[in-house]
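A structural walkthrough
Listed below are the residues making up each chain.
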Amino acid sequence: MIEIKNLRKAFGNQVVLNNLDLKIEAGKITVILGKSGQGKSVLIKSIIGTLKPDSGKIMFDNKNLLDMKLPEFNKIRMKFGVLFQEAALFDSMNVFENVAFPVVEHKLINKKNIKDEVRRVLDLVELGDVEEKYPSELSGGMKKRVGLARAIITKPQIIFFDEPTTGLDPIVSYSIAKLIKDMKAKLNTTCLVITHDLDVANLIADFIGFLDGGKIIEFDEKENFFRSNSPIVREFLDAFKGG
Amino acid sequence: MFIFTYFGSLIVNFIDQLGGIVILASKALINVFKGSFRIKQTIDQFYTIGVTSSFIVILTSLFIGMVEALQIYHGFQKFGAENIIGYTVAVSLGRELSPVFTALMIVARNISAMSAEIGTMKITEQIDAMEVMAVDPINYIVTPRIVATVVMLPFLVALSNVVGNIGGYIVGVFILKVNSVSYIDNIKQYLDLSDLTYGFIKAAVFGLIISSIGCYMGLNTSKGAKGVGLSTTKAVVVSSVAILVADYILSAFLF
Ligand SMILES: Nc1ncnc2c1ncn2[C@@H]1O[C@H](COP(=O)(O)OP(=O)(O)OP(=O)(O)O)[C@@H](O)[C@H]1O
Ligand SMILES: [Mg+2]
């Protein structure tokens, strides 16, 4: 669905993505693991167009996203759903307005159904009576789930999750992981998930990639990935087991 | 050597930012003419700018009118011309003092907040989130603020004129004992409508300049909470200076 070739992004002298290649298969869940600060968020931001890579290609349906003019790119972005690492909720709007924002803006659903639709996605992320609350009145984990609700309300073809379960308790983490899996199963949604949580990765992944030193140094189906011999990957996997 | 590179980079930076501000303002205004313009957000901004600032405008204008009357009285008394202080206060308020001071108050009260609010949205990725959802942040955030500032500022200047003249009247008539009938008559006789419209036009121009600067500085915030503070300071300083520069240019060349 998305094929990234030779992607490079530097901030000043610091090369964060160094000719990175990655394939995101349609209808599959691809998980990216990697140590903190290795450029996982930068990778997502490059695909969704909030950071401009220095060079490389991001092919979507055989067209390079990086060559597109904004109106064309926006048409593609309508097919994207994004969960930001810090949720990025609009703090001048309450939860209802936040979640409804994309469907209201693009008139994706009938006005009188919006309320039900918002309720439906909030139920999916297991949030009760929060519609009237403002982001500043929510816990970190709740914000994340509101962000997730906002990302899925448009029924996107592909969703980018930047650490969907970080900061959530294990029970909610588990149900979010299941939600992601369900969306794939029921709606055939393609997912790119960044996470530190190996349990979540194990639960949901079809493919796992490991980002280190600006490249995907290991990429395989889940079962094979966990048997990787790469010392860097092993160190990461063993550290998790130990901890 | 160092000093040249320092001033050199300062000038380059200045031109760069000026360009950025002009481009932002043009994009925002194109939205207005295209008619793709958001009524709800604009009304919210009318409220924020108009209502929340009227108190501070009233307060400052009252004192400006009072001080003006006092100063002018001391000068004009020497020539026995104290009867025309009503007119003099009204004309200097209308053409100069009300637009400039009101704009400065809006900078302090609203432009700083505008820049801080947009800056916070920027560093918490709210602007990015909007872009990703294919919603143009300029259309959603910038245009309503610029339109509201441009439209509201002349009204606030009108308010400032009214209150400033009341201040002048209070000091002139009740404290300095100028004849109340001739105070008013003088204004009626000499004050031209153009003295007021001139001030309103100035105000609208100031509104365009300061709101564009406030939004630009906000959108170009980086580096966390400190960055928000920095861009807010910049927004206040640059727009205050810009008001005075624009005031000179408008006074010298346009009217
Ligand atoms: N806007 C930016 N300007 C400068 N440097 C940046 C910027 N964004 C990211 N970086 C740098 O790029 C590197 C990768 O950042 P990124 O946020 O992608 O890490 P990450 O892999 O997502 O880490 P984490 O797991 O902690 O979220 C970091 O060293 C960071 O300092
Ligand atoms: Mg990250």
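Analysis parameters
- Counting starts from 1 at the beginning of each chain's written sequence and moves along it residue by residue.
- Chains and ligands are labelled by the order in which they are written, letters from A for the one and numbers from 1 for the other.
- In keeping with the predicted nature of the model, local features appear solely for residues at pLDDT of at least 70, side-chain atom pairs appear and are counted solely at 80 or more, and the whole-chain, interface and lining totals rest on all residues.
- As a rule here, side-chain values come from all non-hydrogen atoms in the structure, and water together with hydrogens is ignored.
- For the purposes of this entry, the term helix denotes a DSSP run of H or I that reaches at least four residues, the term strand denotes a run of E that reaches at least two, and both are numbered from the N terminus.
- Should any heavy atoms of two residues lie within 4.5 Å, those residues are considered in contact.
- The Shrake-Rupley method, run with a 1.4 Å probe sphere, supplies the accessible areas, and residue values consider only the shown protein chains as cover.
- The positive count covers Lys and Arg only, the negative count covers Asp and Glu only, and His and the chain ends enter neither.
- Working definition for charges: the position is that of NZ of Lys, CZ of Arg, CG of Asp or CD of Glu.
- We compute the radius of gyration over the C-alpha atoms and compare it with the globule rule, which gives 2.2 Å times the number of residues raised to the power 0.38.
- The classification of residues rests on relative accessible area computed with a 1.4 Å probe and restricted to protein chains. Under 20% of the type maximum is buried, over 50% is exposed, and intermediate values are partly exposed.
- Between N or O atoms, a polar contact is any pair within 3.5 Å; within protein, one atom must be a potential hydrogen donor and the other a potential acceptor, and residues adjacent in sequence are included only when both atoms are from side chains.
- Residues form patches when they are more than 30% accessible in relative terms and have no salt bridge. Like charges link within 9 Å. Nonpolar side chains (Val, Leu, Ile, Met, Phe, Trp, Tyr) link within 5 Å.
- Criterion for a salt bridge: a side-chain nitrogen of Lys or Arg within 4 Å of a carboxyl oxygen of Asp or Glu.
- Axes, fitted as lines to C-alpha atoms, cover a helix only where it is in contact. Angles between the N-to-C directions of the axes lie from 0 to 180 degrees.
- Two helices that cross are described as forming a left-handed crossing if the nearer one is turned anticlockwise from the farther one by less than a right angle, and a right-handed crossing if clockwise.
- Each residue gets one of three labels, nonpolar for Ala, Val, Leu, Ile, Met, Phe, Trp, Tyr, Cys and Pro, charged for Asp, Glu, Lys and Arg, and polar for the others, Gly among them.
- DSSP-based pairing: two strands are paired if at least 2 bridges between them are found.
- Orientation categories follow fixed angle ranges, with anything under 35 degrees roughly parallel, anything over 145 roughly antiparallel, 65 to 115 roughly perpendicular, and all other angles oblique.
- Buried Ala, Val, Leu, Ile, Met, Phe, Trp, Tyr and Cys residues form a nonpolar core when they are joined through side-chain atoms within 4.5 Å.
- Put simply, buried area is the surface a 1.4 Å probe can reach on two separate parts but cannot reach once they are joined, added for both.
- One heavy atom within 4 Å of a molecule or strand makes the whole residue count as near it.
- Only nitrogen, oxygen and sulfur atoms within 2.8 Å of the metal, or 3.2 Å for Na, K and Ca, are treated as donors, and water is left out, so sites may look incomplete.

Per an unreviewed UniProt entry, chain A goes by Phospholipid/cholesterol/gamma-HCH transport system ATP-binding protein and derives from Desulfurella multipotens.

**Overview of the overall build of chain B**
When its secondary structure is counted, chain B shows eight helices and zero strands. Once the C-alpha set of chain B is aligned to its principal axes, its extents read approximately 65 × 55 × 30 Å. Considering only contacts within chain B whose residues lie at least 6 apart along the sequence, 85% involve residues at least 24 apart. With an accessible surface of roughly 12400 Å², chain B has 73% of that area assigned to carbon and sulfur atoms. A distance of 4 Å separates the average location of the 15 positive side-chain charges in chain B from that of its 14 negative side-chain charges.

**Some remarks on the overall build of chain A**
On a plain count of helices and strands, chain A comes out with nine helices and ten strands. A compact globule built from 243 residues would reach a C-alpha radius of gyration of about 18 Å, and chain A, at 18 Å, matches this within 12%. C-alpha extents for chain A along the principal axes are approximately 55 × 45 × 35 Å. Relative to its full complement of 243 residues, chain A shows a buried share of 52%. The contacts of chain A with a sequence gap of at least 6 include a subset with a gap of at least 24, amounting to 64%.

**Regarding the side chain of N165 of chain B**
Residue and element names in this part refer to chain B. Its place among the elements puts N165 in helix α5 (residues 137-175). For N165, a relative accessible area of 19% translates into the label buried. Of the polar contacts made by the side chain of N165, one reaches the backbone oxygen of N161; its length is 2.8 Å. Contact partners of N165, with chain neighbours within four places excluded, come to V89, A90, L93 and Y183.

**Considerations on a nonpolar patch on the surface**
Nonpolar side chains collect at one region of the surface, where F2, I3, F4, Y6, F7, L10, I11, F14, I15, L18 and V22 of chain B lie side by side and expose about 1200 Å² of accessible area between them. Mapped onto the elements of the fold, V22 of chain B is located in helix α1 (residues 2-34).

**Details of the packing of helix α3 (residues 85-123) of chain B against α5 of chain B**
Residues and elements named next belong to chain B. Where α3 meets α5, the axes come as close as 7 Å, and the angle between the chain directions of the two elements is 145°. Crossing of α3 over α5 shows right-handed handedness. Residues that form the contact of α3 with α5 fall into these classes: 14 nonpolar, nine polar and two charged.

**Quick word on the sheet that holds strand β2 (residues 14-24) of chain A**
Residue and element names in this part refer to chain A. What the four strands build is an open sheet, ordered β2-β1-β4-β5; its pairing is antiparallel. Strands with a single pairing partner mark the edges of an open sheet, and in this sheet they are β2 and β5 (63-64). Here five bridges tie strand β1 (residues 2-11) to strand β4 (residues 55-60), and the two strands are oriented antiparallel to one another. Paired with R8 across the strands is S55, a residue of β4.

**What about the packing of helix α3 (residues 95-105) of chain A against helix α5 (residues 140-152) of chain A?**
The description of two packed helices rests on the angle between their axes and on the distance between the axes. Residues and elements named next belong to chain A. Relative orientation of the contacting elements α3 and α5 amounts to 30°, with a least axis distance of 7 Å. Classed by the angle they form, the pair α3 and α5 counts as roughly parallel. The interaxial crossing formed by α3 with α5 has right-handed handedness. Contacts between α3 and α5 involve V95, N98, V99 and P102 from the first element and V146, A149 and R150 from the second.

**Concerning the nonpolar core**
Counting 75 residues, the largest nonpolar core has I2, I4, L20, I47 and F160 of chain A as the members making the most contacts within it. By residue number, the principal contributor to this core is α5 of chain B, which donates ten residues. Among all residues touching I47 of chain A, those that are not within four sequence positions of it are I2, I4, I24, I58, L65, F73, F80, F160 and L192 of chain A. Counting residues in hydrophobic clusters, the runner-up holds 45 residues, among them V118, I159, I180 and F210 of chain A.

**Some thoughts on the interface of chain B and chain A**
Contact residues are listed per partner, giving 14 residues for chain B and 18 residues for chain A. Of the roughly 1500 Å² buried at the junction of chain B and chain A (both faces included), carbon and sulfur atoms supply 62%. Looking at the side of chain B facing chain A, the largest losses of area belong to E125, V132 and M133 of chain B, adding up to 40% of the total buried there. Summed over the shared surface of chain B and chain A, the result is two salt bridges.

**A closer look at the site of ligand 1**
Residue and element names in this part refer to chain A. Ligand 1 sits among 14 residues. The nearest are Q14, S36, G37, K40 and S41. A distance of 2.9 Å is found between an oxygen atom of ligand 1 and a backbone nitrogen or oxygen belonging to V42. Isolated, ligand 1 exposes 630 Å² of accessible area, and the fraction of that covered by the protein chains is 65%. Broken down by element, the shell around ligand 1 gets its largest block of residues, three residues, from helix α1 (residues 40-48). Partitioning the shell around ligand 1 into residue classes produces three nonpolar, eight polar and three charged.

**Here we look at unusual backbone geometry**
Residues and elements named next belong to chain A. You will see that A87, though not glycine, has its phi angle at about 75°, which is positive. Along the chain, A87 turns up in the loop between β6 (80-83) and α3. For E163, which is not a glycine, the phi torsion comes out positive at approximately 55°.

**Topic: the coordination of the magnesium ion (ligand 2)**
Residues and elements named next belong to chain A. Around the magnesium ion (ligand 2), the protein supplies S41 (OG) and Q85 (OE1) as donor atoms, at distances of 2.0 to 2.2 Å. With S41 in helix α1 and Q85 in the loop between β6 and α3, this residue pair connects regions lying 44 residues apart in the sequence. Accessibility expressed as a relative area gives 18% for S41, which makes it buried.

**A closer look at the pattern of salt bridges**
Inspection of every chain in the model, using the stated rule, returns 16 salt bridges over all chains. Ionic pairing is found between R38 of chain B and E105 of chain A, a salt bridge with its closest N-O pair at 2.7 Å. Of this pair, R38 of chain B sits in the loop between α1 and α2 (39-77) while E105 of chain A sits in helix α3, placing the two residues on different chains. Judged by relative accessible area, which is 18%, R38 of chain B ranks as buried.

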